[in-house]
Amino acid sequence: MLDIKTIVQDADRVRQALAHRGTDIDLEAFLGLEARRREDLQRVEALRHRRNVVSEEIAGLKKTGADAGVLVGEMREVSATIKHLEGALAEAETQLRQMLLNIPNLPHASVPVGRDESDNPVVRVVGEVPAFDFAPQAHWDLGARLGIFDFETAAKLTGSRFPLYFGPGARLERALINFMLDVHTTEHGYLEVLPPFMVNRATMTGTGQLPKFEADLFKLEGWDYFLIPTAEVPVTNIHAGRILEAEQLPLRFTAHTPCFRSEAGSHGKDTRGLIRQHQFNKVELVKLTLPETSYDELASLLADAETILRRIELPYRVITLCTGDLGFSAAKTYDIEVWMPAQGVYREISSCSNFEDFQARRADLRFRRKGKRGTELVHTLNGSGLAVGRTVAAICENCQQADGTIRIPEVLRPYMGGMEAIVP
RNA sequence: GGAGAGAUGGCCGAGUCGGCUGAAGGCGCUCGCCUGCUAAGCGAGUGUGCGGCUAAAACUGCACCGAGGGUUCGAAUCCCUCUCUCUCCGCCA
């Protein structure tokens, strides 16, 4: 959510930023409504002031036994007017809030202007793309042959796009989760969190999934609860509505959760394998920071996510999302894309974003500086560290061997009971 | 799922028959004093949001006692609905 004051005072800058994103939002309607709301607010406050003063007079008169009938009659009318104005005010506020909730964040000045993903600049390319002296197989073929994935049976149990792992496949997923959590908690200073996997509407609104993206979420029937699409949602909202002390910041959290995404409209894309599923595991990194350090924290968050790929020796690249590809809530986003040999493409495996105060304003996440009056909004950041299912897929494809077996990366072997390769 | 109790400031906890209660009292915290150190003691201060006025403060208006609605000239106090917490019973990994 943007600051109303920013929109009013800096309308041109906001208009341009929204244009760069490729959105067409009617700022004029918003500004007109806001101006009217302001007028009404001042009228109501003046009337309420009068009511407060006269009510005290009435109390005084009654105490001395005098007749307050005239004043009471007058106040009856004033109260009616107040009630009427309050109704109009509440309606305007609801409308303004609805509009605000649907306006995306402003891109940071450093975000390149562009139309879509083809305009995302590459920041760096890391690791050697493996050279195979045979045709590399897709992970779903490798996995089926090794008996570690079974998407057909998963479809029988639930429907399409659900995972079912067996044996070393299931264990590899678990090994990765443990490895990632261990690195982030013991080396990078994150606090491990195990949050609820369902959250209510207010929590979903706090991080920006609602009201705009309800169609992408799984909703529970009979409850106003949703399955989380990412741990970002419950974890970022932990301190919602609280005022933190500046000395407490930054707060760094990491959490493994399953993630549930309905992504209605994505049918036909990546229909095979582990890339696009309705349920997948992810280890998430979340930070609450001071405004002045949030971009340094974004750099270190990105580095923390990259560390995982470096350790398991997967080749990847980092890109910056351009204005046209930036997510709704983000001010700046780096994607990490891992090399997938069978398709010969880099695929997103992590997305690291700074939301600045956009989520903090929605979720009411504030802090106070010692010796300074008032409060400020924290900056929130998050990134995948990493998407686990996609990491499994990347390991399968990058570490496959001519005989169809999969070499386990060194750092994961302790988590795999010493296993060096997945064999039939 | 059934029965009951409760929700007030950072925390604990008063608020009587609705009327200077933004909210007593205590704890905590901050600053100052005192004290050879520590402890104790003394004094002052200590919510948030949205406006007005300021160079900035000071000052000032409105709102907020779980949330929403109602009664009333006036509600933390009365009424209704909802949410959450606790206790007991039932069920359960």
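(A) Representation of the overall build of chain A within the structure. If you tally the helices and strands in chain A, you get 12 helices and 15 strands. Overall size of chain A, expressed as C-alpha extent along the three principal axes, is 100 × 45 × 40 Å. Burial status across chain A gives 48% buried among its 424 residues. Of the contacts made within chain A by residues no fewer than 6 positions apart, 73% connect residues no fewer than 24 positions apart. Counting only carbon and sulfur atoms, one obtains 51% of the accessible surface of chain A, whose full area is about 20200 Å². If the 50 positive side-chain charges of chain A are averaged to one point and the 58 negative ones to another, these points end up 4 Å apart.

(B) Looking closely at the protein's contact with RNA strand B. The environment of RNA strand B is formed by 24 residues, the closest being H49, R76, S79, R366 and T375. Per the 4 Å cut-off to the protein, sugar and phosphate atoms form 78% of the nearby atoms of RNA strand B. Contact distances for RNA strand B include 3.3 Å between a base nitrogen and a side-chain N or O atom of K62. Between RNA strand B and K83, the relevant distance is 2.8 Å, taken from a phosphate oxygen to a side-chain nitrogen or oxygen of the residue. Looking at the surface near RNA strand B, the element that brings in the most residues is helix α3 (residues 27-64), giving 12 residues. For the surface near RNA strand B, the per-class residue count stands at 7 nonpolar, 6 polar and 11 charged.

(C) The packing of aromatic side chains, seen in detail. Inspection of the entire model under this criterion finds 8 aromatic pairs. Taken together, a centroid distance of 5.1 Å and an interplanar angle of 40° make the contact between W223 and Y225 tilted. Grouping aromatic residues by their ring pairs yields a cluster made of F149, F151 and Y165. Here the basic side chain of K219 rests over the ring of F226, its NZ or CZ set 5.4 Å away from the ring centre.

(D) Region of interest: the pattern of salt bridges. One pass over the structure, following the stated rule, counts 26 salt bridges. For R50, the salt bridge identified is with E74, shortest N-O distance 2.5 Å. Highlighted residues: R50 in helix α3 and E74 in helix α4 (residues 69-101), separated in sequence by 24 residues. Take R50: its relative accessible area is 37%, and that puts it in the partly exposed class.

(E) Representation of the side chain of R276. Inspection of the secondary structure assignment puts R276 in the loop between β6 (251-260) and β7 (279-289). What makes R276 buried here is its relative accessible area of 18%. In terms of polar contacts, R276 uses its side chain to reach the side chain of E263, at 3.3 Å.

(F) Structural detail: the pairing of β7. Among the 11 residues in β7, 10 count as buried, and that is most of the element. When β6 meets β7, the two strands line up antiparallel, connected through 10 bridges. Bridge assignment links P258 to a residue of β7, and that residue is N281. Pairing geometry for β7 and strand β13 (residues 379-387), over 7 bridges, is antiparallel. Looking across to β13, one finds that L288 is bridged to T380.

(G) Broad picture of the sheet that holds β13. The strand order across the open sheet built from 8 strands is β1-β8-β9-β10-β13-β7-β6-β2, with neighbouring strands paired in mixed fashion. Since the sheet does not close on itself, it has two edges, and those belong to β1 (122-126) and β2 (191-193), each with one partner. The mean angle between the axes of side-by-side strands here comes to 20°, regardless of whether they run parallel or antiparallel.

(H) The arrangement of the environment of E348 in detail. As for its placement among the helices and strands, E348 is situated in strand β10 (residues 345-356). Taking the C-alpha atoms as reference points, E348 and D3, separated by 345 residues in sequence, lie 31 Å from one another. The contacts of E348, once residues within four sequence positions are left out, are D335, I336, E337 and R390.

(I) Seen up close, the sheet that holds strand β12 (residues 376-377). The 3 strands are arranged β5-β11-β12 in an open sheet whose pairing can be described as mixed. Because the sheet does not close on itself, it has two edges, and the strands there are β5 (243-245) and β12. The pairing of β5 with strand β11 (residues 366-368) spans 3 bridges and is classified as parallel. Bridge pairing links E245 to R368 in β11.

So, how was this worked out
- Residues numbered from 1 in each chain as written.
- Chains lettered and ligands numbered in written order.
- Predicted model: local features only at pLDDT ≥ 70, side-chain atom pairs only at ≥ 80, totals over all residues.
- Heavy atoms only, no water.
- Helix = DSSP H or I, 4+ residues; strand = E, 2+ residues; numbered from the N terminus.
- Buried < 20%, exposed > 50% of the residue type's maximum accessible area, 1.4 Å probe, protein only.
- Contact = heavy atoms within 4.5 Å.
- Areas by Shrake-Rupley, 256 points an atom, 1.4 Å probe, with all protein chains shown as cover.
- Lys, Arg positive; Asp, Glu negative; His and termini not counted.
- Charge placed at Lys NZ, Arg CZ, Asp CG, Glu CD.
- Near = heavy atom within 4 Å.
- Polar contact = N/O pair within 3.5 Å; in protein donor to acceptor, adjacent residues only side chain to side chain.
- Nonpolar A, V, L, I, M, F, W, Y, C, P; charged D, E, K, R; others polar.
- Phe/Tyr/Trp six-rings, centres within 6.5 Å; stacked < 30°, edge-to-face > 60°.
- Lys NZ or Arg CZ within 6 Å of the ring centre and 35° of its normal.
- Salt bridge = Lys/Arg side-chain N within 4 Å of Asp/Glu carboxyl O.
- Pairing = 2+ DSSP bridges.
- Axes fitted to C-alpha atoms, helices over the stretch in contact; angles between N-to-C directions.

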